[in-house]
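This is what each chain is made of:
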Amino acid sequence: MRARVGMSAMALGLSLLGGAVVEFPAATAAPAAPAHTKSGKQCPAKQVKKVWRGGTSKQCPNLPDELDHLFYQGPQYTTALRRKYRERTLFIQLRLHDLGYGPIVRDGYYGTQTKDVVKRYQRRKGLVVDGKVGLQTWKSLFGLGRA
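Here is what the cut-offs are and how they apply
- Residues numbered from 1 in each chain as written.
- Predicted model: local features only at pLDDT ≥ 70, side-chain atom pairs only at ≥ 80, totals over all residues.
- Heavy atoms only, no water.
- Buried < 20%, exposed > 50% of the residue type's maximum accessible area, 1.4 Å probe, protein only.
- Helix = DSSP H or I, 4+ residues; strand = E, 2+ residues; numbered from the N terminus.
- Arc of directions from axis to C-beta.
- Contact = heavy atoms within 4.5 Å.
- Lys, Arg positive; Asp, Glu negative; His and termini not counted.
- Salt bridge = Lys/Arg side-chain N within 4 Å of Asp/Glu carboxyl O.
- Disulfide = S-S within 2.5 Å.

Engineer: Where do I start with helix H2 (residues 45-52) in this structure?
Structural biologist: In an α-helix, one turn spans 3.6 residues, which is why side chains three or four residues apart end up on the same side. Residues of H2 that are buried include every one of Ala-45, Gln-47, Val-48, Val-51 and Trp-52, and no others. On an axial view of H2, the arc spanned by its buried residues comes to 160°, and they lie on one face. Where H2 is buried, its residues touch helix H3 (63-69) and helix H4 (87-98). Just beyond H2, the residue with positive phi is Gly-54, at close to 105°.

Okay, here's the thing in structure tokens:
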């Protein structure tokens, strides 16, 4: 994040000085999300649930830090990837369950049931009701205000 801010400030300074076009190499792009398992993969649902409830996991040593921050990474969470396990989908499902929205299976797959529960949450919170967890819904779910 700091690198992006620094580059933006540098680009602004250069444009004020001479209007030069500044291109940055791909190596300066934002870093990818940290891998949570020692093998570099996403954590299994069982481990995420354990850490979510306050436990620890030797298999997923970086997961507690991720749960402390819960940054939104950009893509919307929809049924488009319903056959693909996603750690972040599990975070959404666990949060909705904790808030009393259900029934909801907490398995890391964004299926029709998760979409319906998200719609119910969005309706009650006065958000756009589309069944997709984008930035606005993410911020509302995790207590970060409205987008």
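Engineer: Any chance you could explain the side chain of Arg-86 here in plain terms?
Structural biologist: By the element assignment, Arg-86 lies in the loop between H3 and H4. One buried charged side chain, Arg-86, makes no salt bridge at all; its nearest oppositely charged neighbour is Glu-87, positioned 9.6 Å away. Excluding anything up to four places from it in sequence, Arg-86 contacts Gln-42, Pro-75, Gln-76, Tyr-77, Leu-81 and Gly-108.

Engineer: Sorry, what's going on with the state of the cysteines here?
Structural biologist: Note on terminology: disulfide describes a covalent bond linking the sulfur atoms of two cysteines. One pass over the structure, following the stated rule, counts one disulfide. Bridging Cys-43 to Cys-60, the disulfide has an S-S length of 2.2 Å. Of this pair, Cys-43 sits in the loop between helix H1 (2-18) and H2 while Cys-60 sits in the loop between H2 and H3; the two residues are 17 residues apart in sequence, bridging distant segments of the chain. Of the two residues, Cys-43 and Cys-60, neither departs from the other in class, the shared state being buried.

Engineer: Looking at this structure, how should I read the environment of Val-48?
Structural biologist: You can see Val-48 is positioned in helix H2. For Val-48, a relative accessible area of 0% translates into the label buried. Along the sequence, Val-48 and Leu-90 sit 42 residues apart, while their C-alpha atoms lie 7.8 Å from each other. Among residues more than four places away in sequence, those in contact with Val-48 are Cys-43, Leu-63, Tyr-85, Glu-87, Leu-90, Phe-91 and Leu-94.

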